[in-house]
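The lines below spell out each chain.
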Amino acid sequence: MFDFKHASLFLSLVQLITIVTLLIKVPKFAENGYQLDSKDQFRLSNGDNIIVLVLDRYGNEQFEKVSKEYPEIKECLKDFTYYNNADSRYSNTFPSMTHLMTGIKRDYDNDKWLDTVWFNERTQNFYELLHNDGYTVHLYSPYAATVYGNVENMKGMIDNICPSKLRKNYKLIYSLLEKATIYRYAPFALKPRFEVRSFVYNEMVTSAEPEYKNSEFYNFLITEKLSIDDSLNNIFIVDHILGMHDPYEIDENANKLDGDDLSASPEVLTSITRGLHVILAEYFDQLKALGIYDDATIIVTADHGDYFNAGGIQPILFVKQKGESHAEYQINSSPVSHEDFQGTIMTFIGEDKTPFGTSIYDWKEGDRRERFIDNHTEGIYYTDRNELYKVIEDNHIVY
């Protein structure tokens, strides 16, 4: 006869041994490593503030679709120019964010590419010019080692670098072990109830990285608020948050939802879109309260569009220059690209952009420009979105 009591004790013992082994070995994971320090994520300067808010996987078609139904989400962006024909070059966070921060295109023939991007002359010159003009450079982005390579390589360019600090989620670790045990012995029909989505495992042991989830970012905004650091002359800050990426964990008011199992239904995606604009509105309102909004240069964009859920392959791109103000946002259909990012930043700080290529201001509506789709090696020419999708269809490009 099967002894459930002893079987239960045996499984508990196995779980205990696994937990103890994991927690003993985990600190060695990041020994002598580096990470992006999050302590100044919400601090700005009394001087020039160049703020780049990257909302992951937020496509321009998603914005246009939701803003048509809920026009109030546009209100917080009325002082911006909306570039509705932007191109991110890549369709994943890696290498899109890597390219954005270094200006170096992905070399698919070089397995060591990620180890070289921060030692490139162009990359180093870009950050040297920012520092020479009195800018502190802060990058807040998740999974830094995966997206940007060895964080130590950023030293001298990105200023918020610190030794790794591990956080162990004991409750989650035990919960996952318990689910795994139940899943192993549960009847087949019940197994789906105990499945664990892959991203959850990333949260068992994490470094104390910047606030990335929409709910966490918003919670900090409304509880701790933005502040001015008098020790900063100027700041160039890039904040990369979850945006439209799963897990889907905020509602239309940017409140955190229970659980991370929401599907990408149109209703859920619409709610998240509205919630993101609540976060943007709060961020901008706090800039105004600090008296630094008008003179701030702000870019709101995405690392790439949403090729999964028909949100638009092209990313959103909103830009507010220092002193820019409108009754409602302006629309510009020039063929701009993330490849213009560094040149645009150099234009903002009054430096020669020539070594960094073009800026978004070098293009006008109707220009034909070679822009690349994802990792395809042949460039395609297109002037607007309709032509882009026709090229994709005609060439049977699958995302």
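About the cut-offs
Sequence order sets the numbering: in each chain, residues are counted from 1 along the sequence as written. For a predicted model such as this one, the threshold for reporting local features is a pLDDT of at least 70, and the threshold for listing and counting side-chain atom pairs is 80 or more; totals across whole chains, interfaces and linings nevertheless cover every residue. Processing note: side-chain calculations cover all non-hydrogen atoms of the structure and skip hydrogens and water entirely. Secondary structure elements follow DSSP: runs of H or I no shorter than four residues count as helices, runs of E no shorter than two count as strands, and numbering proceeds from the N terminus. Note on classification: 1.4 Å probe, protein chains only; a residue is buried when its accessible area is under 20% of the maximum for its type, exposed when over 50%, partly exposed between these limits. What makes two residues a contact is simply this: any of their non-hydrogen atoms within 4.5 Å. In these tables, accessible area is a Shrake-Rupley quantity obtained with a 1.4 Å probe, and a residue counts as shielded only by the protein chains included in the view. A pair is scored as a salt bridge if a Lys or Arg side-chain nitrogen falls within 4 Å of a carboxyl oxygen belonging to Asp or Glu. Strand pairing is assigned whenever DSSP detects at least two bridges linking the two strands. As a rule, the C-alpha atoms of each element are fitted with a line to give its axis, helices using only the stretch in contact, and angles between N-to-C directions run from 0 to 180 degrees. Within 3.5 Å is the distance limit for a polar contact, defined as a pair of N or O atoms, with the added protein rule that one can donate a hydrogen and the other accept it, and that residues adjacent in sequence qualify only through two side-chain atoms. Note on terminology: a nonpolar core comprises buried Ala, Val, Leu, Ile, Met, Phe, Trp, Tyr and Cys residues joined through side-chain atoms within 4.5 Å. An angle counts as roughly parallel when it lies under 35 degrees, as roughly antiparallel when it exceeds 145, as roughly perpendicular when it falls between 65 and 115, and as oblique in every other case. When residue character is reported, Ala, Val, Leu, Ile, Met, Phe, Trp, Tyr, Cys and Pro are called nonpolar, Asp, Glu, Lys and Arg charged, and the others, Gly included, polar. Pairing of aromatic side chains here covers Phe, Tyr and the six-membered ring of Trp, requires ring centres within 6.5 Å, and sorts the geometry by plane angle: under 30 degrees stacked, over 60 edge-to-face, intermediate tilted. By definition, pLDDT measures how confident the predictor is in each residue, and it falls between 0 and 100.

Visitor: Tell me about the overall build of the protein, and please be specific about residues and values.
Guide: Across its full length, the protein holds twelve helices and 15 strands. Residues counted as buried form 51% of the 399 residues belonging to the protein. Considering only contacts within the protein whose residues lie at least 6 apart along the sequence, 76% involve residues at least 24 apart. A total of about 19,500 Å² of accessible surface is found on the protein, and carbon and sulfur atoms cover 51% of it.

Visitor: With reference to specific residues and values, describe the pattern of salt bridges.
Guide: Pairs can form between side chains of opposite charge once their charged atoms are near each other. Summed over the entire model, instances satisfying the criterion amount to twelve salt bridges. Between R385 and E64 there is a salt bridge, and its shortest N-O distance comes to 2.8 Å. Of the two residues, R385 sits in helix α12 (residues 385-394) while E64 sits in helix α2 (residues 60-69), which places them 321 residues apart along the sequence. A relative accessible area of 15% places R385 in the buried class.

Visitor: Got a sec to walk through the sheet that holds strand β4 (residues 81-83)? Specific residues and values, please.
Guide: Pairing between sheet strands relies on hydrogen bonds along the backbone, with the strands arranged either parallel or antiparallel. Taken in spatial order, the seven strands line up as β5-β10-β3-β11-β12-β4-β13 in an open sheet, and their pairing is mixed. Looking at strand neighbours, the two that pair on one side only are β5 (135-140) and β13 (330-332), the edges of this open sheet. Across the sheet, the mean angle separating the axes of adjacent strands is 15° when strand polarity is ignored.

Visitor: Please provide a residue-by-residue account of the side chain of R385, values included.
Guide: At 2.8 Å, the side chain of R385 and the side chain of E64 are in polar contact. Of note is the side chain of R385, whose polar atom sits 3.1 Å from the backbone oxygen of N84. Those residues within four positions of R385 in sequence are excluded, and the remaining contacts are N60, E61, E64, Y82, N84, N85 and Q314.

Visitor: A description of the nonpolar core should follow, citing residues and the corresponding values.
Guide: If you look at the biggest cluster of nonpolar residues, it comprises 44 residues, and the most contacted ones within it are Y283, F284, L287 and V300. With sequence-adjacent residues up to four places away left out, V300 is seen in contact with L53, L55, F80, L280, F284, I316, L317 and F318.

Visitor: Explain helix α3 (residues 93-102) to me, and be specific about the residues and the numbers.
Guide: Burial analysis of α3 places nine of its ten residues in the buried class, the great majority of the element. Buried within α3 are the following residues: T93, P95, S96, M97, T98, H99, L100, M101 and T102. Of the residues one or two after α3, G103 is the one with positive phi, at around 80°.

Visitor: Which residues make up the side chain of S215, and what are the values?
Guide: You can see S215 is positioned in helix α9 (residues 214-223). Within the local environment of S215, its side chain forms a polar contact with the side chain of E249, the two groups lying 2.4 Å apart.

Visitor: A description of unusual backbone geometry should follow, citing residues and the corresponding values.
Guide: Cis geometry is found at the peptide bond from F94 to P95, where omega equals 10°. The topology assignment puts P95 in helix α3. D246 connects to P247 through a cis peptide bond whose omega is 5°. Structurally, P247 is set in the loop between β10 (234-241) and α10 (266-289). If you check the backbone angles, R57 has positive phi at about 60° while not being a glycine.

Visitor: Which residues make up the packing of α2 against α10, and what are the values?
Guide: Packing of α2 against α10 brings their axes to within 10 Å, and their N-to-C directions diverge by 90°. Between α2 and α10, the angle falls in the class roughly perpendicular. Residue-level contacts link Q62, F63 and V66 of α2 to L269, T270, T273, R274 and H277 of α10. Among the residues forming the contact of α2 with α10, the class breakdown is three nonpolar, four polar and one charged.

Visitor: Hey, could you go over the packing of aromatic side chains for me, with residue numbers and the actual values?
Guide: Two descriptors summarise a pair of aromatic rings, namely the distance from one centre to the other and the angle between the planes of the rings. Within this structure, the stated rule accounts for 20 aromatic pairs. With a centroid separation of 4.6 Å and 15° between ring planes, the pair formed by Y82 and F318 is classed as stacked. Of this pair, Y82 sits in strand β4 while F318 sits in strand β12 (residues 317-320), and the two are 236 residues apart along the sequence. Note on accessibility: Y82 and F318 belong to one class, buried.

Visitor: Talk me through the pairing of strand β3 (residues 49-55); I want residue IDs and the actual numbers.
Guide: As a general feature of sheets, a regular strand has side chains that alternate between the two faces. In terms of residue burial, β3 counts as a mostly covered element, since seven of its seven residues are buried. Side chains N49, I51, L53 and L55 of β3 all project onto a buried face; the interleaved residues I50, V52 and V54 project onto the opposite face, where all are buried too. Here β3 pairs with β10 via seven bridges, running parallel. In the sheet register, V54 faces β10, and the bridge partner there is H240. Here five bridges tie β3 to strand β11 (residues 297-301), and the two strands are oriented parallel to one another. Note that in β11 the partner of V52 across the bridge is I299.

Visitor: Break down the confidence of the model for the protein for me, with residues and values.
Guide: Per-residue confidence for the protein gives a mean pLDDT of 86, with 79% of residues at or over 70. Within the model, the stretch residues 26-31 combines pLDDT values under 50 with eight contacts to residues more than four positions away or in other chains.

Visitor: So what's going on with the environment of N233? Residues and values would help.
Guide: Summarising the element assignment, N233 is placed in the loop between β9 (227-228) and β10. In this structure N233 comes out as exposed when scored by relative accessible area, which is 54%. In sequence terms N233 and S45 are 188 residues apart; their C-alpha atoms lie 6.2 Å from each other. Those residues in contact with N233 that sit more than four places away from it in its chain are S45, G47, D48 and G134.

Visitor: Requested: an account of the pairing of β5, with residues and values cited.
Guide: Among the six residues of β5, six are classified as buried, and the element is accordingly described as predominantly covered. By the alternation rule, side chains of β5 split into Y135, V137 and L139 and T136, H138 and Y140, which are all buried. Examined bridge by bridge, β5 and β10 share six bridges and lie parallel to one another. Across the sheet, the residue bridging to Y140 is D239, located in β10.

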